[in-house]
Amino acid sequence: MKKAGLLMIIGPLFLLGLFYFPLWNIMLGAPQYPEPLGMNIHIDGIRDMNEFDLQNIDGLNHYIGMRKLPKPEEMWEFSTFPLVIGGMVALGVLIGILGIIGKLNYQWYAGWFVLMSILGILGMYDFNAWMVDYGTNLDPNAIMKLANPDGTPMSYKPPLFGHAKMLNFDVTSLPSSGAWMMFVGMTTTVIAFFVGWKATKKPT
Amino acid sequence: MRKYSYILMLFGITAFLSSCGNQGDNKSSNGALSSSAAEKAYVAPGEHDEFYAFMSGGYSGNITVYGLPSGRLFKEIPVFSQFPTSGYGYSEETKPMLNTSFGFVPWDDAHHPDISQTNGELDGRWIFINGNNTPRIARVSLETFETEEIIELPNSAGNHSSSFITENTEYVVAGTRFSVPVPQRDMPINEYKGNYKGALSFISIAPDNGRLNLEFQMMMPGFNYDLSHPGRGKSHGWFFFTTYNTEEAHTLMEVNSSQNDKDFIAAVNWKKVEEYVKNGGGTKMPAEYAHNVYDEHTHMATSTMKKEVITVDPTKVPGAVYFLPTPKSPHGCDVDPSGQYIIGNGKLSADLTVHSFDNMIAAIEGAKFDGEAYGIPILKFEDVLAGTVKSGGLGPLHTEFDGQGNAYTTFFISSEVVKWKLGTWEVIDRQPTYYSVGHLMIPGGNSRKPFGKYVVAMNKITKDRYLPTGPEMEHSAQIYDISGDKMELIYDFPTHGEPHYAAGCPAELLAPNSKKIYRLSENKHPYAVLTPDQAKVERDGNEVHIYMSTIRSHFTPDNIEGIKVGDKVYFHITNHEQDFDVPHGFAMIGQNTSELLIMPGQTKTSLWEPKKPGVWPFYCTDFCSALHQEMQGYVRVSPAGSDVPLTYSLGE
Ligand SMILES: [Cu+2]
């Protein structure tokens, strides 16, 4: 029981990495950008991969009528996400401690994991919705108004996961170090659950 | 007599035949080697060169930057000459760079670049170069590749034995080729002898920011001080200058200054002189010389006129200067990486004279002098001589080193590079140049740590090397691979201007520090606009200041009205890009100056004095974006005295 509880404490602590490391990374490379432009999406805002990348992405995007990338204060997500993550870390650690002293059983570990997964999926859904809006809700006076072969206006929504070709840019969107730490942490809580489950099965 | 000439003729024919035979051999071996030679000089598309080569532009007044071994031209750095491409010397900010005690001098003859050193090794902070005609020394940043400072040298003329750096970049040293009256005065030319002086200037370099200060000038006898190099290692603290015209002739120099069998190498113990000056020695003399400094943060140059210089009479400082007799009007004065050998390239002879530093010190200690010249002791030739290189070539000019114990000397008259061994003085190899080589360059080849992989020969005559371009042609250069025993010609390319010398440097020393942009947030230009909403137009009498910003792909503001004929209109343009390699240009119709090319984060100013009423367009000259053609604006000019209000706008 002690081992499972310890794992349950350690797992959520990995999520603290999100306060320092980016959750997601989007890279934009083009012939004239041999060193690609990049943005790191943190839970509290979007930051440059290299200095001035955001400014330069905005500069390029203005040709096709995309809005500027949001500042932290312009999106509620960037103030809410840190609270949610912080709360989930505290909750997970609390569950782990209570698990060690025997006040809670291992099923709570799975409960935390399920709750975190739901929140994660909601977060992804929200992120994707923002990208759809960002990539399709374009300035009607854009300098370049491009259409797909079928006549519909071209969308510049970056992929949520993987690579897409957008005009002259190769756009790659992948989870970044913060997300990987989160996955490791969440997996640890699943392990905590199985360890706890096995421990309860043994004596019987 | 007749028989003698007949024999000579026979000899000539034999030589001709045998050289023909050799040439045949060379051709066939070249044929076999040509593919590997091509590979050696080939830098594939997208790949980078191994070395930077900074070549002086001679009468272009500038420095050109090439890659080695490809010979590709990367940049021309404006130094002493106005450069309409970027607006250097035309923009309000850079006009002061070309200020001198003679007023604005838009040109010079740039000769010998030298890269800053630490412990005798290239450190890649700055490159220095001399202006020969109106004596000046410039310092160029190797982060921005822009000229940051120019100091004029008083009491000097023909600033040729310059600009060479002591091994910890303590001083950049500049000697006078044309001795002159000091101070300048109205006097008969034929009273030259004994009256004119040759000033050797020691300019200190501040270690933190490179700022130059003329510390002292040694007033030497009125010879021609041709080239120089610092001692290094054990000879650090000494500086060696070749002289010619020790005859002190003032007319028909080609004959009259070539009469002495030997001229001198002047060995200057600058540490002694420095000490002497520090202790209050020397004479403060009134002078007038410009000191021009460009500030990277204000993006502006300021010119200050200095009023005084410390001069030193070398005879007043015991042990400061000795003359080393050196045959036949020596040109290059080169010191090997160990600091032991001082090479005099006697340009009117076949042989090279090599002096030994140890011998020189022993001779000085033994006080074995062979008379004196104007109170300066002359050492005995035999006492200081280390050896003679019997090269078989004619007209040696300049020598550099590969760090493997070999030296490479150019021979102007016989048009070749000769490789020889230090210490044994034996000739190892020789290769023709095309044609009449002046200087050569091995990256780091005049430092304690040469990078002996390539030698570049810079030639004075081009003739048939390339497709003809009328009577005037660029000069040719050849690159030889010297990594083997024998030199191998691997590439031949034209160079811009007339490179008199070059300095090479491993790419990895400079490339990582090369600036990509100037930070807008650090822009301290008094007329900069840091955000587009600060853009404005202000009138002050007939002066109009336009605070303008640019970003792809518009000027802010781009419509201006209320300008009048007779106004002086200053366009202060700040490039708001913070993206590598996105300059914007600025040009105004009918403007009596050059365009501006403004780097990201930079502010430059162009003066326009409209002469006719009308609506006059300006535009961006750099193809900055897909909408570059749209990057334009209009200025409405009304007749003098009209009352059109001053307005400016964007997108209205
Ligand atoms: Cu432009």
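Going along each chain's sequence as written, the residues are numbered from 1 onward. All chains are assigned letters beginning with A, and all ligands numbers beginning with 1, in the order in which they are written. Selection of residues for local features in this predicted model requires a pLDDT of at least 70, selection of side-chain atom pairs for listing and counting requires 80 or more, and totals for whole chains, interfaces and linings are taken over all residues. The basis for the side-chain values is all heavy atoms of the structure; hydrogens and waters are excluded.

Remarks on the overall build of chain B
Move 1: By the criteria applied, helices consist of DSSP H or I runs no shorter than four residues and strands consist of E runs no shorter than two, each listed in order from the N terminus. The helix and strand tally for chain B stands at six helices and 45 strands.
Move 2: It is over C-alpha atoms that the radius of gyration is taken, and the globule rule equals 2.2 Å times the number of residues to the power 0.38. Taken against the 2.2 N^0.38 rule, which gives 26 Å for 652 residues, the C-alpha radius of gyration of chain B at 27 Å falls within 12% of a compact globule.
Move 3: When the backbone C-alpha atoms are referred to their principal axes, chain B occupies close to 90 × 65 × 50 Å.
Move 4: Residue exposure (1.4 Å probe, protein chains only): buried if accessible area is under 20% of the type maximum, exposed if over 50%, otherwise partly exposed. Within chain B, the proportion of its 652 residues that are buried is 57%.
Move 5: Considering only intrachain contacts with a sequence separation of at least 6, the fraction spanning at least 24 residues in chain B is 62%.
Move 6: A 1.4 Å probe and the Shrake-Rupley method give the accessible areas. Residues count as covered only by the protein chains that appear here. Of the roughly 26200 Å² that chain B leaves accessible, carbon and sulfur atoms contribute 54%.
Move 7: Here chain B contributes 53 positive and 77 negative side-chain charges, whose respective centroids are spaced 4 Å apart. Note on contacts: a residue pair is in contact if any heavy atoms of the two residues lie within 4.5 Å. Here Asp and Glu are counted as negative and Lys and Arg as positive; His is not counted, and neither are the chain ends. A charge is said to be at NZ when it belongs to Lys, at CZ for Arg, at CG for Asp and at CD for Glu.

Notes on empty space enclosed by the protein
Residue and element names in this part refer to chain B.
Move 1: Method remark: on a 1 Å grid restricted to protein atoms, a set of points is classed as a cavity if a 1.4 Å probe fits but cannot get out and as a pocket if it is open with protein on both sides within 12 Å along at least five of seven lines; lining residues have an atom within 4 Å of a point. Grid points are joined across faces, edges and corners, and a volume is the space filled by probe spheres set on the points. Inspection of every chain in the model, using the stated rule, returns two cavities of 30 Å³ or more.
Move 2: Taken as a whole, the largest cavity spans an internal volume of roughly 60 Å³.
Move 3: Forming the boundary of the largest cavity are 14 residues, of which Asp114, Asn446, Ala502, Ala503 and Gly504 lie nearest the centre.
Move 4: Within the residue set of the lining of the largest cavity, elements represented by two or more residues are β6 (114-118) and β34 (502-506).
Move 5: At three residues, the largest contribution of residues to the lining of the largest cavity is made by β34.
Move 6: In this classification, Asp, Glu, Lys and Arg are treated as charged, Ala, Val, Leu, Ile, Met, Phe, Trp, Tyr, Cys and Pro as nonpolar, and every other residue, Gly included, as polar. When grouped by side-chain class, the residues that make up the lining of the largest cavity number eight nonpolar, four polar and two charged.
Move 7: As a volume, the second largest cavity reaches approximately 40 Å³.
Move 8: Around the second largest cavity, the lining residues are Thr144, Glu146, Glu148, Tyr294, Glu296 and Tyr518.

Quick word on the interface of chain B and chain A
Move 1: In this assembly, 10 residues from chain B lie in contact with 10 residues from chain A.
Move 2: Buried area counts how much accessible surface, traced with a 1.4 Å probe, disappears from two parts once they are put together, with both parts' losses summed. For the chain B and chain A pair, buried surface summed over both sides reaches about 870 Å², with 43% attributable to carbon and sulfur atoms.
Move 3: In terms of surface lost to chain A, no three residues of chain B exceed Arg552, Gln578 and Leu627 of chain B, which account for 49% of the buried area on that side.
Move 4: We define a salt bridge as a side-chain nitrogen of Lys or Arg found within 4 Å of a carboxyl oxygen belonging to Asp or Glu. The tally of links between chain B and chain A comes to two salt bridges.
Move 5: Polar contacts, as counted here, are pairs of nitrogen or oxygen atoms within 3.5 Å of one another; within protein the pair requires one atom able to donate a hydrogen and one able to accept it, and residues that are adjacent in sequence qualify only if both atoms are side-chain atoms. At the surface where chain B touches chain A, the tally comes to seven residue pairs in polar contact (both at pLDDT 80 or more).
Move 6: Here the residues of the side of chain B that touches chain A are counted per class, giving two nonpolar, four polar and four charged.

What about a nonpolar patch on the surface?
Residue and element names in this part refer to chain A.
Move 1: Patch building starts from residues that exceed 30% relative accessible area and form no salt bridge, then joins like charges within 9 Å and nonpolar side chains (Val, Leu, Ile, Met, Phe, Trp, Tyr) within 5 Å. There is a patch of nonpolar side chains on the surface, built from Ile143, Met144, Leu146 and Leu167 and spanning about 290 Å² of accessible area.
Move 2: Relative to the helices and strands, Leu167 resides in the loop between β4 (162-166) and β5 (169-175).
Move 3: On the basis of relative accessibility, which here comes to 35%, the residue Leu167 falls in the partly exposed class.

A short note on the sheet that holds strand β8 (residues 136-141) of chain B
Backbone-to-backbone hydrogen bonds pair the strands of a sheet. The strands run either parallel or antiparallel.
Residues and elements named next belong to chain B.
Move 1: Spatial ordering of the open sheet is given by β6-β7-β8-β9-β17-β18-β13-β12-β11-β10, a layout of 10 strands whose pairing is mixed. Pairing within the sheet leaves two strands with one partner each, and these edge strands are β6 and β10 (161-165). Going from strand to strand, the sheet's axes swing by 25° on average, the running direction of each strand aside.
Move 2: Only strands joined by at least two bridges in the DSSP assignment are considered to pair. Relative to strand β9 (residues 147-152), β8 is paired through five bridges, and the arrangement is antiparallel. The partner of Arg139 across the bridge, within β9, is Glu149.
Move 3: Between N-to-C directions, angles span 0 to 180 degrees; the directions come from axes that are lines fitted to C-alpha atoms, helices contributing only their stretch in contact. Where helix α3 (residues 270-278) meets the sheet, its contacts fall on β11 (171-175), β12 (197-205), β13 (212-221) and β18 (300-312), and the angle it forms with β13 comes to roughly 110°.

Topic: the side chain of His439 of chain B
Residue and element names in this part refer to chain B.
Move 1: Assignment of secondary structure puts His439 in strand β30 (residues 437-441).
Move 2: Note on His439: relative accessible area 5%, which makes it buried.
Move 3: Within the structure, the side chain of His439 is placed 3.1 Å from the side chain of His398, a separation counted as a polar contact.
Move 4: Those residues within four positions of His439 in sequence are excluded, and the remaining contacts are His112, Leu227, His331, His398, Thr410, Val456, Ala457, Met458, His500 and Tyr501.

As for the confidence of the model for chain A
Move 1: On average, residues of chain A carry a pLDDT of 92, and 98% of them reach 70 or more.
Move 2: The predictor rates its confidence in each residue with pLDDT, a number between 0 and 100. Confidence, expressed as mean pLDDT per element, reaches its minimum in chain A at β4 of chain A with 92 and its maximum at strand β3 (residues 45-48) of chain A with 96.

Concerning the pairing of β3 of chain A
Move 1: The sheet contact formed by strand β2 (residues 33-42) of chain A and β3 of chain A spans four bridges and is antiparallel. Looking at the pairing, Met39 of chain A lines up with Asp48 of chain A of β3 of chain A.

Points about the domain arrangement of chain B
All names here are of chain B.
Move 1: Domain annotation for chain B reports domain 1 (78-326) and domain 2 (520-649).
Move 2: Taken residue by residue, the interface counts 13 residues in domain 1 and 17 residues in domain 2.
Move 3: Summed over both partners, the interface of domain 1 with domain 2 comes to about 1200 Å²; 52% of that surface belongs to carbon and sulfur atoms.
Move 4: When residues of domain 1 are sorted by the area they lose upon contact with domain 2, Glu92, His297 and His299 head the list and together hold 36% of the total.
Move 5: Between domain 1 and domain 2 we count zero salt bridges in total.
Move 6: In this assembly, domain 1 and domain 2 are joined by six residue pairs in polar contact (both at pLDDT 80 or more).
Move 7: Here the side of domain 1 that touches domain 2 is composed, by residue class, of four nonpolar, seven polar and two charged. The start and end points of each domain follow an automatic or database-based domain assignment.

Let's talk about the pattern of salt bridges
Move 1: Applying the stated criterion across every chain, the model contains 31 salt bridges over all chains.
Move 2: In this structure, the salt-bridge partner of Lys95 of chain B is Glu92 of chain B, at a minimum N-O distance of 2.8 Å.
Move 3: Residue Lys95 of chain B is classed as partly exposed on the basis of its relative accessible area of 32%.
Move 4: Put simply, Glu51 of chain A together with Arg519 and Glu522 of chain B are held in one network by salt bridges that share partners.

Concerning helix α2 (residues 53-61) of chain A
All names here are of chain A.
Move 1: With seven of its nine residues buried, α2 lies for the most part within the structure.
Move 2: Within α2, the full set of buried residues consists of Asp53, Leu54, Asn56, Ile57, Asp58, Leu60 and Asn61.
Move 3: The secondary structure elements touched by the buried residues of α2 are β1 (24-30), β2, β3, α4 (107-136) and β5.

Focus: the sheet that holds β30 of chain B
Residues and elements named next belong to chain B.
Move 1: The antiparallel open sheet is built from four strands, whose spatial order is β30-β31-β32-β33. Each edge of the open sheet carries a strand with a single partner, namely β30 and β33 (488-495). Neighbour-to-neighbour, the strand axes of this sheet turn through a mean angle of 25°, independent of strand direction.

Section: the coordination of the copper ion
All names here are of chain B.
Move 1: Listed as protein donors to the copper ion are His584 (ND1), Cys620 (SG), Cys624 (SG) and Met631 (SD); their distances from the metal cover 2.2 to 2.5 Å.
Move 2: Donor atoms (N, O, S) are those found within 2.8 Å of the metal centre, with the cutoff raised to 3.2 Å for Na, K and Ca; water is not part of the atom list, so apparent gaps in a site can occur. Sites are called tetrahedral only when four donors show all angles between 85 and 135 degrees, square planar or octahedral only when four or six donors show opposite pairs over 155 degrees and all other angles between 65 and 115, and irregular in any remaining case. In this structure, the copper ion is surrounded by four donor atoms whose angles at the metal cover 97 to 128°, and the resulting shape is tetrahedral.
Move 3: Within one chain, the residues serving as donors to the copper ion are arranged as H-x35-C-x3-C-x6-M. Note that His584 is positioned in strand β40 (residues 584-588) and Cys620 in the loop between β43 (614-619) and β44 (632-638), a separation of 36 residues in sequence. We note that His584, like Cys620, is buried.

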